[in-house]
Amino acid sequence: MAQSENEILDGIAELVNEETGLPKESVEMDKSFTDDLDIDSLSMTSIVVHAEEKFGVTIPDEDSKNLRTVRDVVAYIQQAQG
Amino acid sequence: MSEQTPRSAPASTAVVVTGMGATTPLGGDVPSTWEAALAGRSGARPLTMPFVEELGLPVTFGGTLAVPATDVLPKHESKKLDPSAQYALIAGREAWAQAGAPEVEGERLGVVVATGIGGVTTLISAYDVLREKGPRRVLPLTVPMLMPNGAAGALAIEFGAQAGAHSPASACASGAEAIAYGAEMIRTGRADVVIAGGTEAAILALPIAAFASMHALSLRNDTPETASRPYDVTRDGFVLAEGAGVVVLESEAHATARGARVLGTIAGAGITSDAHHIAAPDPAGLGATRAMRAALQQAGAQPSDVVHVNAHATSTPVGDLAEVAALRSALGGALDGVAVSATKSMTGHLLGGAGSLEAIFCLKALEEGLAPPTINVTELDPQVDLDVVLDEPRKISTGSGALALNNSFGFGGHNAALAIAGPTGSAA
């Protein structure tokens, strides 16, 4: 069952916080993971792995490399949860 | 041989200690660990992890940390580091703070942090994830977390150390060898300041089963706190423990120039190998003897300068006696009256963390003029002709030239001896 955009955003913010220590409120829809949040590729991969588990979706590598902003990830998960 | 050693300062740079840090079964830092050691407390306790019963392990206790690392580090730090690196980071931060966070160029700052086993917690848990959830769930930081140089790399990043980050692996001699290597980096001019020590986090089902399979562990499951009893006639093996000890080493010139408080001196170090057996010590302790002699020689010292020995003494039937023989041949008659402490009777055996923690105990002993006790000895093995400090701390001389010897030996036939001088006296 699909979760709301806000629920997914909260969940992503939690994962980012646990991975990097960044405050949850800094994880906003239009932020870029690499440019704005300064998250390196290894941490990003960890976040994707945890997100798959948390949201019950699969995010293949060929898709995850195109997920640049928080909004991209939220939208992808929402669609995958269908 | 030692009689011919000139009693003068070695021509090389003096290496002083300006910071100490630890997290151990006795306490979350050096002051609490030392206080517990002087009080003769045991850090051995029953293990509460589910695997102990599930797998029917023959040993159900160990020396777990007094203060869990996850209580100290925020989650985003702890989840990126194997527990062995977490412990090293906690100890490293304490040591660095005590040293006054020295201002030093990154290229003149080195790290030597050793472990006996490496990131075994990560290795085992990642393998469990692989088997249970498949390869996609294996996290990308698994490799940097399980590699044995992970702790050294993490500390180099933390403190900006660019002179080199090293991880000598010599099993239970690793922590002492790291301090010896760090001192050498300073003596040979590669660095002015080196963060050095050892760490271990291996209280897990597999290491317990494997050490037990060698008959290396005490089986006193009913009384963990009395299980580690070096030199007692009924000793039956060591107590597996975890933790880290880290020191800040500094060239004397660098420490003096910045007005740092000197806690002691690494006056000499000796490292040898037995080339005898992969796990058993040379029964005559020849390699250990050579290590102690080399440490004294580098310190420009005589056996009679030694006032205190922190022995390796893990509480195994064979190992304890081999060290007694080695001590006798290294120090001869000068061994009589030397206060010998076996602090593993309290801490258990921190494997790669043991040597550096015990170097810290030597520094504290010389600073306070008190040798820590050896607990749980109810009947001293008659073959142990040492003046063992039993039950209560004992006053030791801390005058100029007084030295403490710290022995560490490891599977593989590794021997490391450190000759340590206190804050007021150095063999130089």
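- Chain A has the name Acyl carrier protein in an unreviewed UniProt entry, where Pseudokineococcus lusitanus is given as its organism.
- Of the comments in the UniProt record for chain A, the one headed Subcellular location (unreviewed entry) reads "Cytoplasm".
- Quoted verbatim from the Function (unreviewed entry) heading of the UniProt record, the comment on chain A is "Carrier of the growing fatty acid chain in fatty acid biosynthesis."

## Describing the domain arrangement of chain B
Residues and elements named next belong to chain B.
In step 1: By domain assignment, chain B separates into domain 1 (15-257) and domain 2 (269-421).
In step 2: In this structure, domain 1 and domain 2 have C-alpha centres spaced 20 Å apart.
In step 3: Each partner contributes to the interface: domain 1 provides 63 residues, whereas domain 2 provides 61 residues.
In step 4: Of the roughly 4500 Å² buried between domain 1 and domain 2 on both sides combined, carbon and sulfur atoms contribute 70%.
In step 5: Linking domain 1 with domain 2 are two salt bridges.
In step 6: Put simply, Asp381 and Arg235 hold a salt bridge, and the shortest N to O gap is 2.9 Å.
In step 7: Elements that contribute at least two residues to the side of domain 1 that touches domain 2 include exactly β1 (15-23), α1 (30-38), β4 (109-115), α9 (174-187), β6 (193-200) and β7 (243-251).
In step 8: No other element matches α9, which puts seven residues into the side of domain 1 that touches domain 2.

## Observations concerning the environment of Leu130(B)
In step 1: Its place among the elements puts Leu130(B) in helix α6 (residues 120-133).
In step 2: It is 17 Å that separates the C-alpha atoms of Leu130(B) and Pro144(B), two residues lying 14 residues apart in sequence.

## What to know about the side chain of Asn407(B)
In step 1: Positionally, Asn407(B) belongs in strand β13 (residues 403-410).
In step 2: Only 3.1 Å separates the side chain of Asn407(B) from the side chain of Glu323(B), close enough to count as a polar contact.

## Some remarks on the pairing of β1(B)
All names here are of chain B.
In step 1: The element β1 is extensively covered by neighbouring structure, given that nine of its nine residues are classed as buried.
In step 2: Relative to β7, β1 runs antiparallel, the two sharing eight bridges. Following the sheet pairing, Gly21 is matched in β7 by Val246.
In step 3: For β1 and strand β8 (residues 264-273), the ladder comprises two bridges, and the chain directions are antiparallel. Counted as the bridge partner of Val16 is Thr265 from β8.

## What to know about the packing of helix α1 (residues 5-20) of chain A against helix α4 (residues 70-81) of chain A
Residues and elements named next belong to chain A.
In step 1: The contact between α1 and α4 brings their axes to 10 Å, and the two run at 120°. Taken together, the axis directions place α1 and α4 in an arrangement best described as oblique. Handedness of the α1/α4 crossing: right-handed. Contacts from Glu5, Ile8, Leu9 and Ile12 in α1 reach Val70, Val73, Val74, Ile77, Gln78 and Gln81 in α4.
In step 2: Classifying every residue of the contact of α1 with α4 by side-chain character gives seven nonpolar, two polar and one charged.

## Here's the deal with the nonpolar core
Residue and element names in this part refer to chain B.
In step 1: One finds Val247 and Leu249 to be the most contacted residues of the largest nonpolar core, which totals 52 residues.
In step 2: No other element matches the nine residues that helix α15 (residues 354-368) contributes to this core.
In step 3: The two domains that each donate at least three residues to this core are domain 1 (15-257) and domain 2 (269-421).
In step 4: Discounting chain neighbours no more than four positions away, the residues touching Val247 are Val17, Gly19, Met20, Ala95, Ile179, Val194, Ile195, Ala196, Ile360 and Leu363.
In step 5: If you look at the next biggest cluster of nonpolar residues, it comprises 31 residues, including Leu335, Ala342, Ala419 and Ala421.

## Remarks on the packing of aromatic side chains
Residue and element names in this part refer to chain B.
In step 1: Applying the stated criterion to the full structure yields four aromatic pairs over all chains.
In step 2: For the pair Trp34 and Phe361, a centre-to-centre distance of 5.8 Å together with 40° between the ring planes defines the contact as tilted. Of this pair, Trp34 sits in helix α1 while Phe361 sits in helix α15, placing them 327 residues apart in sequence.
In step 3: Judged by relative accessible area, Trp34 falls into the buried class, the value being 4%.
In step 4: Their ring planes at 75° and their centres at 5.3 Å tell us that Phe211 and Phe238 sit as a pair that is edge-to-face. Separated by 27 residues along the polypeptide, Phe211 in helix α10 (residues 205-213) and Phe238 in the loop between α10 and β7 bring together distant segments of the chain. Each member of the pair, Phe211 as well as Phe238, is classed as buried.
In step 5: Ring pairs connect the aromatic residues Phe211, Phe238 and Phe411, which therefore count as one cluster.

Conventions we followed
Residues numbered from 1 in each chain as written. Chains lettered and ligands numbered in written order. Predicted model: local features only at pLDDT ≥ 70, side-chain atom pairs only at ≥ 80, totals over all residues. Heavy atoms only, no water. UniProt positions renumbered as here; feature names shortened; annotations may be inferred. Domains from an automatic or database assignment. Contact = heavy atoms within 4.5 Å. Buried area = accessible area lost by both parts, 1.4 Å probe. Salt bridge = Lys/Arg side-chain N within 4 Å of Asp/Glu carboxyl O. Helix = DSSP H or I, 4+ residues; strand = E, 2+ residues; numbered from the N terminus. Polar contact = N/O pair within 3.5 Å; in protein donor to acceptor, adjacent residues only side chain to side chain. Buried < 20%, exposed > 50% of the residue type's maximum accessible area, 1.4 Å probe, protein only. Pairing = 2+ DSSP bridges. Axes fitted to C-alpha atoms, helices over the stretch in contact; angles between N-to-C directions. Parallel < 35°, antiparallel > 145°, perpendicular 65-115°, else oblique. Left-handed = near helix turned anticlockwise from the far one by under 90°. Nonpolar A, V, L, I, M, F, W, Y, C, P; charged D, E, K, R; others polar. Core = buried A, V, L, I, M, F, W, Y, C linked by side-chain atoms within 4.5 Å. Phe/Tyr/Trp six-rings, centres within 6.5 Å; stacked < 30°, edge-to-face > 60°.

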